[in-house]
Amino acid sequence: MREPIGIMGAGWVGLVTAACYADLGHDVIVRDVEAMRIADLEAGRVPIHEPGLGELLDRNRDRLRFTTRAADVFHRAQIVFVCVGTPPTYSGDADLSAVWQVVNELPDTTKRFVLVMKSTVPPGTGERVRAWLDGHGLSNVGYVSNPEFLAEGTAIANFMRPDRIVVGSFRSEEGDRIAVLHEELGAPVVRTDVTSAEMIKYASNAFLATKISFINEIANVCEEVGADVSLVADGMGLDQRIGPHFLRPGVGYGGSCFPKDVSALKQLAGNSGYHFQLLTSVIEVNELQKRRVVGKLRRHLGSLRERTVVLLGLAFKPDTNDVREASSLVLASRLLAEGAHVRAWDPVAIEAARPLLPGVQLCEDLLEAVSGADAAVIVTEWNELKALPRPEVRAAMRRPLIVDGRNFLDPDTVRQAGFTYEGIGRQPSPVEERPAPQPLELSEALAPSLADVPAR
Ligand SMILES: NC(=O)c1ccc[n+]([C@@H]2O[C@H](COP(=O)([O-])OP(=O)(O)OC[C@H]3O[C@@H](n4cnc5c(N)ncnc54)[C@H](O)[C@@H]3O)[C@@H](O)[C@H]2O)c1
């Protein structure tokens, strides 16, 4: 029998979870505190960019309801997934206020519920919620930790074909109910206590972030000793003990999860009396990595004052419009501080980024963005950028310098197309003579090339 399912929070995790359970045949009711978000969903508009999500919501419209009222969810569903945000506080700890809001909204009845925590919460949170429930006479409310491992951009596939399902419970029958829900997905189910389940999520994200910072440092050393990090990563990744994933160097990790989860685990360890030295370095390496592009630009352009630099990609990764903690934000403000004129292009994240990028000229058209630029920096590996090294782009740029912050393009192809190419951990192009920057009106820069602008 399909159980009716409740979802608290209509963000990436909540909406993907809702759409996927509805697709598996469950009736699902989704609650968010943002009335506008709920109105959009009711009208068939999807408030986030996640490939396939719109179609899945649409296809399962009959099994999905949206509401702003917690009571509607508790009235209809007995299994309620908590998918609210747990952003960082100023201290680096996780802000659990939205989680506690949900707990506080539980109705004072004897109806049996299971509250399933999908939000990423610090180890020990479930124990505290359980104690609170028992202290308020709500032993009828079960609690299960079922951390979410989806990645934005591939979230639906990640839900439908997960590597594993983690179910941490206080009472085994509550864990059984959640394990059964996932049976048809055919993934291994890891049954644990609640605190271990919470720790699996933090440890997984911290490990992936560590892998990224590690390969970024290897890339930086490659630049010093004349090695090519792409070849190094390929050679490492074939070792089954290492594996090929998360060995792509770049301009640092961002997004709504890695930075906050790594920081929250570090703080949690510190609050418990343990100094997590490795994570301190992982965070520092990542911060420095986001700025290394500035050094590469200076190598070719000298002072960046009055230079025009275009950031290609604002989202923290392709196939999402999420700009939370994106490397583009750090780079943009660094470049502005250097006195550069900063432009930015992204196929879907312009509106999400707009309030965060005062002083940056945002362009929806790629050719408009690069026109008159002294350098183009690939920050997000959008597929559209595969075609960047083409004659119109070269002709439109004042100086054909591409800094590939994701090692997305083939250096030889780019150089053959007449560009100067710099990647991360790859051998740089020789520095050409630097022309003094000439003040250039945008309209003047665009004039010869706009006719060629291709439709996206
Ligand atoms: N985004 C990811 O890739 C990802 C992956 C795995 C885990 N997670 C974790 O899942 C959680 C949710 O992440 P997200 O990216 O979906 O967040 P999000 O910010 O996109 O969405 C959270 C939603 O919860 C809503 N909300 C806040 N308080 C609420 C309440 N009391 N009741 C109902 N809704 C409420 C917000 O309005 C918002 O729409 C976080 O803990 C995150 O760390 C996220």
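Participant: I keep staring at the packing of aromatic side chains and nothing clicks. Help me out?
Facilitator: The geometry of an aromatic ring pair comes down to the distance between the two centres and the angle between the two planes. Scanning the entire structure with this criterion turns up eight aromatic pairs. Among the aromatic side chains, those forming a connected cluster through ring pairs are Tyr-21, Phe-81 and Phe-159. When the ring centre of Phe-149 is taken as reference, the NZ or CZ atom of Arg-164 above it lies at 3.6 Å. Over the ring of Phe-408 we find Lys-386; its NZ or CZ atom is 3.9 Å from the centre of that ring.

Participant: Is there a simple way to explain the layout of surface pockets in this structure?
Facilitator: To locate leftover empty space, one rolls a probe as large as a water molecule over the atoms. As a volume, the second largest pocket reaches approximately 290 Å³. Forming the walls of the second largest pocket are 13 residues, and the residues nearest its centre are Pro-259, Lys-260, Ser-263, Glu-287 and Glu-325. Residue assignment for the lining of the second largest pocket shows that the elements contributing at least two residues are helix 11 (258–271) and helix 12 (277–301). Among the elements that line the lining of the second largest pocket, the one with the most residues is helix 11, at five residues. Taken together, the residues of the lining of the second largest pocket sort by class into five nonpolar, three polar and five charged.

Participant: Help me understand the sheet that holds strand 2 (residues 28–31), please; the structure alone is not making it clear to me.
Facilitator: Strand pairing in a sheet takes place through backbone hydrogen bonds and is either antiparallel or parallel in direction. On the basis of which strands lie adjacent, the open sheet formed by eight strands has the order 3-2-1-4-5-6-7-8 and mixed pairing. Two strands close off the open sheet at either side, each with one partner strand: strand 3 (64–67) and strand 8 (189–192). Recorded for the sheet is a direction-independent mean angle of 25° between the axes of neighbouring strands. Contacting strand 2 and strand 3, helix 2 (residues 35–42) crosses the sheet at an angle of about 155° to strand 3.

Participant: Help me understand the confidence of the model for the protein chain in this model?
Facilitator: Low pLDDT marks regions whose predicted coordinates should not be analysed in detail. Averaged over every residue, the pLDDT of the protein chain is 94; residues scoring 70 or more account for 95%. Overall, residues 440–456 carries pLDDT values under 50, and its contacts beyond four positions in sequence, including any with other chains, amount to 24 contacts.

Participant: Looking at this structure, how should I read the nonpolar core?
Facilitator: Generally speaking, a soluble globular protein has its nonpolar side chains buried in company with each other. Of all hydrophobic cores here, the largest spans 62 residues; its most connected members are Leu-297, Leu-311, Leu-312, Leu-314, Leu-335 and Val-377. Each residue touching Val-377, except ones within four places of it in the same chain, is listed here: Val-293, Leu-297, Val-309, Val-310, Leu-311, Leu-312, Leu-331 and Val-403.

Participant: Could you clarify how one ought to interpret the site of the ligand in this entry?
Facilitator: In the region of the ligand, 28 residues are neighbours, and Val-13, Asp-32, Thr-86, Glu-152 and Lys-260 sit closest. Separating an oxygen atom of the ligand from a side-chain N or O atom of Asp-32 is a distance of 2.6 Å. The separation between an oxygen atom of the ligand and a polar side-chain atom of Thr-86 is 2.6 Å. Notes on the ligand: free accessible area 830 Å², of which the protein chains cover 91%. If one sorts the elements of the shell around the ligand by residue count, helix 5 (residues 97–104) sits on top with three residues. Taken together, the residues of the shell around the ligand sort by class into 11 nonpolar, eight polar and nine charged.

Participant: Got a minute to help me understand the pattern of salt bridges in this structure?
Facilitator: Once the charged atoms of two side chains with opposite charge are near each other, the side chains can pair. Scanning the entire structure with this criterion turns up 26 salt bridges. With a closest N to O distance of 3.0 Å, Glu-3 and Arg-177 form a salt bridge. With Glu-3 in the segment before strand 1 (5–8) and Arg-177 in helix 8 (residues 172–181), this residue pair connects regions lying 174 residues apart in the sequence. Across the pair Asp-374 and Arg-398 runs a salt bridge, and its minimum N-O distance is 3.2 Å. Taken together, the positions of Asp-374 in the loop between helix 15 (366–370) and strand 12 (375–378) and Arg-398 in the loop between helix 16 (391–396) and strand 13 (401–404) put the pair 24 residues apart, joining distant regions of the chain. Overall, Asp-374 belongs to the buried group, its relative accessible area being 2%.

Participant: Any chance you could explain helix 13 (residues 327–337) here in plain terms?
Facilitator: Two residues of an α-helix separated by three or four positions point the same way, owing to the 3.6 residues in each turn. Those residues of helix 13 lying buried are Ser-327, Ser-328, Leu-329, Leu-331, Ala-332 and Leu-335. Elements that come into contact with the buried residues of helix 13 comprise helix 12, strand 9 (308–312), strand 10 (341–345) and strand 12. One or two steps after helix 13, the chain reaches Gly-339, where phi turns positive at roughly 90°.

Basis of the calculations
- Residues numbered from 1 in each chain as written.
- Predicted model: local features only at pLDDT ≥ 70, side-chain atom pairs only at ≥ 80, totals over all residues.
- Heavy atoms only, no water.
- Phe/Tyr/Trp six-rings, centres within 6.5 Å; stacked < 30°, edge-to-face > 60°.
- Lys NZ or Arg CZ within 6 Å of the ring centre and 35° of its normal.
- 1 Å grid on protein atoms, 1.4 Å probe; cavity = no way out; pocket = protein on both sides within 12 Å on 5 of 7 lines; lining within 4 Å.
- Points joined across faces, edges and corners; volume = space filled by probe spheres on them.
- Helix = DSSP H or I, 4+ residues; strand = E, 2+ residues; numbered from the N terminus.
- Nonpolar A, V, L, I, M, F, W, Y, C, P; charged D, E, K, R; others polar.
- Pairing = 2+ DSSP bridges.
- Axes fitted to C-alpha atoms, helices over the stretch in contact; angles between N-to-C directions.
- Contact = heavy atoms within 4.5 Å.
- pLDDT = per-residue confidence, 0-100.
- Core = buried A, V, L, I, M, F, W, Y, C linked by side-chain atoms within 4.5 Å.
- Buried < 20%, exposed > 50% of the residue type's maximum accessible area, 1.4 Å probe, protein only.
- Near = heavy atom within 4 Å.
- Polar contact = N/O pair within 3.5 Å; in protein donor to acceptor, adjacent residues only side chain to side chain.
- Areas by Shrake-Rupley, 256 points an atom, 1.4 Å probe, with all protein chains shown as cover.
- Salt bridge = Lys/Arg side-chain N within 4 Å of Asp/Glu carboxyl O.

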